[in-house]
Amino acid sequence: MKTFIKHIGQLATIANEGTGAKKGQAMSDLNIIEDGAILFRSGVILAVGTTEQLKEEYAADIQEAMVVNAHGRLVTPGLVDPHTHVAYGGSREKEFEMRLQGKSYMDIMNAGGGIHATMRMTREASEDELFDQTIKRLDSFLKHGVTTVEGKSGYGMDLETELKQLRVMKKLQQSHAIDLVPTFMGAHAVPTEYKGREGEFVDIIIQEMLPVIAEEGLAEFNDVFCEKDVYTPEQSERILEAGKKLGLTPKIHADEIVSYGGAELAAKVGAISAEHLLKASDEGIQAMAEAGVIACLLPATALYLREEAAQGRKMIDAGVAVAISTDCNPGSSPTVSMPLVMNLACISMRLTPAEALTAATYNAACAINRQDTVGSLEKGKKADIVMWDVKSYQELQYLFGVNHVQSVWKNGKKVI
Ligand code: NIG
Ligand code: FE
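As the structure is a prediction and not an experimental result, all values here were calculated from the model. Think of each chain on its own: its residues are numbered from 1, step by step along the sequence as written. To label them, take the chains in the order written and letter them from A, then take the ligands in the order written and number them from 1. In keeping with the predicted nature of the model, local features appear solely for residues at pLDDT of at least 70, side-chain atom pairs appear and are counted solely at 80 or more, and the whole-chain, interface and lining totals rest on all residues. Only hydrogens and water are set aside when side-chain values are computed; all heavy atoms of the structure are taken into account.

Caption draft 1: Structural detail: the site of ligand 1. A cutoff of 4 Å decides nearness: a residue is near a molecule or strand if any of its heavy atoms lies inside that distance of it. Near ligand 1, the surroundings consist of 15 residues, among which R92, Y105, Y155, E256 and S332 are the closest. At a separation of 2.5 Å, an oxygen atom of ligand 1 approaches a polar side-chain atom of Y155. In protein, a polar contact requires one atom able to donate a hydrogen and another able to accept it; more generally it is a pair of N or O atoms within 3.5 Å, and residues adjacent in sequence count only if both atoms are side-chain atoms. Between ligand 1 and D327, the relevant distance is 2.8 Å, taken from an oxygen atom to a side-chain nitrogen or oxygen of the residue. The Shrake-Rupley method, run with a 1.4 Å probe sphere, supplies the accessible areas, and residue values consider only the shown protein chains as cover. Contact with the protein chains removes 100% of the 330 Å² of surface that ligand 1 exposes when unbound. Here a cavity denotes grid points, spaced 1 Å and computed from the protein atoms alone, that fit a 1.4 Å probe unable to get out, and a pocket denotes an open set having protein on both sides within 12 Å along at least 5 of 7 lines; residues with an atom within 4 Å of a point are the lining. Whether a molecule lies in a cavity or pocket depends on its atoms, and more than half of them have to be within 2 Å of the grid points. Judged by the proximity of its atoms to the pocket grid, ligand 1 belongs to the largest cavity. Throughout this entry, Asp, Glu, Lys and Arg are counted as charged residues, while Ala, Val, Leu, Ile, Met, Phe, Trp, Tyr, Cys and Pro are counted as nonpolar. The remaining residues, Gly among them, count as polar. Partitioned by chemical class, the residues of the shell around ligand 1 number 4 nonpolar, 8 polar and 3 charged.

So this is what it looks like as structure tokens:
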């Protein structure tokens, strides 16, 4: 089945050329086609151009295609969310109130709440319950124009529950329209029973968990919460290096609460991305630029924790490629709204509207090694496409906090 979308006011193709995340340059180059059109078949893009061009060159194909008139609306690649903790049990609305009354995120976590609370609820949930709770969130992602989602384990912190989370994600990858990219994050917190014996738990991750995860092919990436009172840079490095030997690419939750050398470590171990970075040092930012580490910034998390956002503007100006993400999780960012995250990237990190769109598409795809298949609209790539009920990408970023999604095609199939 072929589909032909015509009369697109702005077709933001975000074609690879010029947006290469490794260089981190030209993040604002959206490669806009006015009065654009796109033709796709069996989930793959056949052609992108102006309506006139395609009508001329693909007349025969268009004859047999389903024709959609965009009536001047904006069309972009499906959004990519490169950092979520989407497969979790329960919820933590009580902690939200506690934080509003003055308790800090880390106070709550150190008292056995926070990540530990979700760990207990995730351990208690059956595989089916976890599957059902996660599917709802994925449906909601799709409604917000997101077609690819990275998902982390890390609410088990024992092998059995880590495997349960990863298996649920694998099943969802097979059954849900969204493409789900799995990350192992056994080092998400130190389980309360290992407090004061962190090194022992690091050994368990390295010796008992990572080999099984790698053997079963349940994750592509290996992530660590490198933070004061969680994992030190040395412990994080051990875990990430051990994962590398098993073929898992490093990612790091870095410099979120305090400046802790996380950005520097990301450069040292050759992480594909470093996440959060609210407190990243200037040296760390420079090291990331030189090593080609993508900064995965989470402005909704900063807002939700009432913290100052990461220095996105400064990072781009320093030559770092920036991606953005919801960080969808039950504690610090219970949202699936990538459109809101794009708005916040502009408002609180001073990205331009064009940069925010690149950060949520092509650069986000680079942060999870999916740049060859998604993140831009080009011949041969997946037909993951969003039509927005606005006329321009500027309007999309300007009309704040609203879901402007009109239609979503995932693998060429209309899902919204
Ligand atoms: O990315 N910072 C650590 N992990 C998550 C939060 C997880 C939670 O609070 O449940 C984050 O913000
Ligand atoms: Fe996170």
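After that view, the rundown keeps rolling.
Caption draft 2: Structural detail: the coordination of the iron ion (ligand 2). Water is not among the atoms examined, so metal sites may look incomplete; donors are the N, O and S atoms within 2.8 Å of the metal, or within 3.2 Å for Na, K and Ca. Protein coordination at the iron ion (ligand 2) comes from H83 (NE2), H85 (NE2), H253 (NE2) and D327 (OD), with a distance range of 2.1 to 2.4 Å. Taken in chain order, the donor set of the iron ion (ligand 2) reads H-x1-H-x167-H-x73-D. With H85 in the loop between β6 (79–81) and α3 (93–100) and H253 in strand β10 (residues 249–254), the pair connects residues that are 168 residues apart, well separated along the chain. Exposure remark for H253: the relative accessible area of 3% places this residue in the buried category. Secondary structure elements follow DSSP: runs of H or I of four or more residues count as helices, runs of E of two or more count as strands, with numbering from the N terminus. With a 1.4 Å probe rolled over the protein chains alone, any residue whose accessible area is under 20% of its type maximum counts as buried; one over 50% counts as exposed, and the rest are partly exposed.

Caption draft 3: Layout of the side chain of T148. Inspection of the secondary structure puts T148 in strand β7 (residues 146–152). Excluding anything up to four places from it in sequence, T148 contacts L79, V80, D81, I178, D179, V181, I368, V374, D384 and K410. Between two residues, a contact is recorded if the distance between any of their heavy atoms is within 4.5 Å.

Caption draft 4: Layout of the nonpolar core. Among the nonpolar cores identified, the biggest contains 119 residues, and Y231, L277, V322 and I324 are the most heavily contacted of them. A per-element tally of this core places helix α8 (residues 198–215) first, with 8 residues. The contacts of V322, once residues within four sequence positions are left out, are M27, A295, L297, G312, M315, I316, L351, A359 and N363. By nonpolar core is meant a set of buried Ala, Val, Leu, Ile, Met, Phe, Trp, Tyr and Cys residues that side-chain atoms within 4.5 Å join together.

Caption draft 5: View of the layout of surface pockets. Grid points are joined across faces, edges and corners, and a volume is the space filled by probe spheres set on the points. For the largest pocket, the calculated volume is near 190 Å³. For the largest pocket, the lining is made up of 13 residues, of which E308, A309, A310, S348 and M349 are closest to its centre. Considering each element in turn, the lining of the largest pocket owes the most residues, 3 residues, to helix α12 (residues 299–304). For the lining of the largest pocket, the class distribution of residues is 6 nonpolar, 2 polar and 5 charged. Of the pockets and cavities examined, the second largest pocket occupies roughly 160 Å³. Lining the second largest pocket are R99, L100, K103, S104, Y105, M106, I257, L305, R306 and E307. Elements supplying a minimum of two residues to the lining of the second largest pocket: α3 and α4 (105–110). Split into classes, the residues belonging to the lining of the second largest pocket amount to 5 nonpolar, 1 polar and 4 charged.

Caption draft 6: Empty space enclosed by the protein, seen in detail. Tallied over the entire structure, the rule returns 1 cavity of 30 Å³ or more. Looking at the largest cavity, it is lined by 13 residues, and the ones nearest its centre are Y105, I115, H188, N329 and S332. Considered class by class, the residues forming the lining of the largest cavity number 4 nonpolar, 6 polar and 3 charged.

Caption draft 7: Up close: the UniProt feature "binding site: Zn(2+)" (unreviewed entry) in the chain. Per the UniProt record, "binding site: Zn(2+)" (unreviewed entry) is found at H83, H85, H253 and D327. These residues run over 245 residues, yet every pair of their C-alpha atoms falls within 12.2 Å of each other. Restricting the annotated residues to those that line the largest cavity leaves H85, H253 and D327. Contacts of H253, omitting those with residues within four sequence positions, involve H83, H85, K152, M185, D223, V224, F225, C226, E275 and H276. Side chain to side chain, H253 and H83 meet in a polar contact 3.1 Å long. Within the element layout of this structure, D327 appears in the loop between β13 (322–324) and α14 (338–349). A polar atom in the side chain of D327 sits 3.2 Å from the side chain of H85. UniProt positions are given in the numbering used here, feature names are shortened, and annotations may be inferred rather than shown by experiment.

Caption draft 8: Representation of helix α5 (residues 115–124) in the model. Every buried residue of α5 is accounted for by I115, H116, A117, T118, M119 and T122. At its buried positions, α5 is contacted by α3, α4, α6 (127–143), α7 (159–175) and β9 (221–226).

Caption draft 9: Quick look at the side chain of E162. Along the chain, E162 turns up in helix α7. Polar contacts involving the side chain of E162 include one to the main-chain amide nitrogen of G154, which spans 3.1 Å. With near-sequence residues (within four places) excluded, E162 lies in contact with S153, G154, Y155, G156, M157, F184, M185, G186 and M209.

Caption draft 10: Structural view of the pattern of salt bridges. Take a side-chain nitrogen of Lys or Arg and a carboxyl oxygen of Asp or Glu: if they are within 4 Å of each other, that pair is a salt bridge. Taken as a whole and assessed by the stated rule, the structure comprises 24 salt bridges. Where E220 meets R370, a salt bridge forms, and the shortest distance between an N and an O atom there is 2.6 Å. In this pair, E220 is assigned in the loop between α8 and β9 and R370 in the loop between α16 (362–367) and β14 (385–388), connecting sequence segments 150 residues apart. Here E395 ties to K391 by a salt bridge, and the two come within 3.5 Å at their closest N and O atoms. For K391, a relative accessible area of 56% corresponds to the exposed category. The network of salt bridges with common partners includes D179, K382, D384 and K410.

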